[in-house]
Amino acid sequence: MKLLVYGAGVLGSLFAARLHEAGHDVSLLARGERLAALRRSGVLLAEEGRPGVRRIPVPVVEDPAGGYDLVAVFVRTHQVDTVLESLAGLGGDVLFLLAWAGGAEPLGAGIGAGRVLLGFPADGGTRDGDVVRRRAPSPLTRRVAIPVGEPDGRVTPRLERVVGAFRAAGINARPESRMDAWLTTHAAFTVPLGQAAYAAGGPAALADDPDAVRAMLHLMRRNLAALPTAPVPRGFAALRTLPEGLLVPSLRRFLRSPTAVHSGLSDTSPATAAELERLTEQLHARARAR
């Protein structure tokens, strides 16, 4: 399988590096300064809390032309329209591994419905200049698999082929029959979380403000109640039923954890604000159409 990883941020770089080290024919698409850095040094990869930096010479390209069997898209939500334009005239399947609550229809309208696969990445980390620092795995994150699914929920040969290729590269992946509901549930939870962390200046600062955490929980509950289907995974329903006195301390502990601190919740860039705004628009549109 010839693969293109579209997007050379933290997640795309990690994904491409793992596939390359497993022997896959993979290229990483980047532009601007990131493209120049990758051509100069390859993917520079480090583990949080560990010394040393590894150089992984992943091939890099500037445009998506090249007859790929699968394009794995790792961009922010508000950047998807540009990706659709660049992939519209090409062949091959496209797996969108990103935060998305807009459903598969607008993606299919841009590139062809039969090409779309949905998923969400389970890895994480931060950028330190040109170095990608992978979040140190914990017992919890080791168990979390990348969900990948067809828009209609079927388990197709191509889905099995993609999941099998990822697993062969040591990437924990699994088929998900309710991928659209999974992504919408995830957005209902993470948008209030991301907005609150952004406003506070990071997850640790948010944890120090119990009133802000309580307001965040109320918005999560409102979002989950407005979902067109039951939450997926079902465990998210606990946010609507468990007592606030239990959930607020639990959320504050999570916000202080290394998992939260070394994640996108610490990113207070304008791009984060733009992504959260687009996801909020998508959630509101789904609620109105309910």
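Preceding this paragraph is the structure being described.
Keep in mind it's a predicted model, so treat the numbers as computed, not measured. (Residues numbered from 1 in each chain as written. Predicted model: local features only at pLDDT ≥ 70, side-chain atom pairs only at ≥ 80, totals over all residues. Heavy atoms only, no water.)

S.K.: How do you make sense of the sheet that holds strand β3 (residues 43-47) when you look at a structure like this?
M.R.: Each strand in a sheet pairs with another by means of backbone hydrogen bonds, the pair being arranged parallel or else antiparallel. Here four strands make up an open sheet; going across it, the order is β4-β3-β10-β9 and the pairing mixed. Two strands bound the open sheet, and with one partner strand each, they are β4 (54-56) and β9 (125-128). Neighbour-to-neighbour, the strand axes of the sheet open up by a mean angle of 30°, direction not taken into account. Strand direction decides the pairing type here: β9 and strand β10 (residues 131-134), joined by four bridges, are antiparallel. The residue of β10 that forms the bridge with T126 is R133. Contacts from helix α1 (residues 10-21) reach β3, β4, β9 and β10, with the element oriented near 85° to β10. Strands β3, β4, β9 and β10 of the sheet are contacted by helix α2 (residues 32-41), whose axis makes an angle of about 85° with β3. (Pairing = 2+ DSSP bridges. Helix = DSSP H or I, 4+ residues; strand = E, 2+ residues; numbered from the N terminus. Axes fitted to C-alpha atoms, helices over the stretch in contact; angles between N-to-C directions. Contact = heavy atoms within 4.5 Å.)

S.K.: Explanation requested: helix α7 (residues 179-200) in the structure shown.
M.R.: Because each turn of an α-helix spans 3.6 residues, side chains separated by three or four positions end up pointing in the same direction. Taking 1.5 Å per residue, 22 residues should reach 32 Å; α7 reaches 31 Å between its end C-alpha atoms and fits that length. Of all 22 residues making up α7, 17 are buried, and the element is well covered by its neighbours. (Expected span 1.5 Å × (residues − 1). Buried < 20%, exposed > 50% of the residue type's maximum accessible area, 1.4 Å probe, protein only.)

S.K.: What is the right way to look at the environment of A237 in this model?
M.R.: You can see A237 is positioned in the loop between α9 (210-225) and α10 (238-241). A relative accessible area of 30% means that A237 is categorised as partly exposed. The sequence separation of A237 and A165 amounts to 72 residues, and the corresponding C-alpha distance is 32 Å.

S.K.: It is not clear to me how the sheet that holds strand β1 (residues 2-6) should be interpreted in this structure. Could you clarify?
M.R.: In spatial order, the strands read β5-β2-β1-β6-β7-β8-β11-β12; together these eight strands make up an open sheet with mixed pairing. Bordering the open sheet on either side are β5 (60-61) and β12 (173-175), each of which pairs with just one other strand. Sheet topology note: the strand β6 (residues 70-73)/strand β7 (residues 93-97) ladder contains four bridges and is parallel. Residue pairing across strands places V73 opposite F96, the latter belonging to β7. Running over the sheet, α1 touches β1, β2 (25-29), β6, β7 and β11 (146-149) and is turned about 160° from β2.

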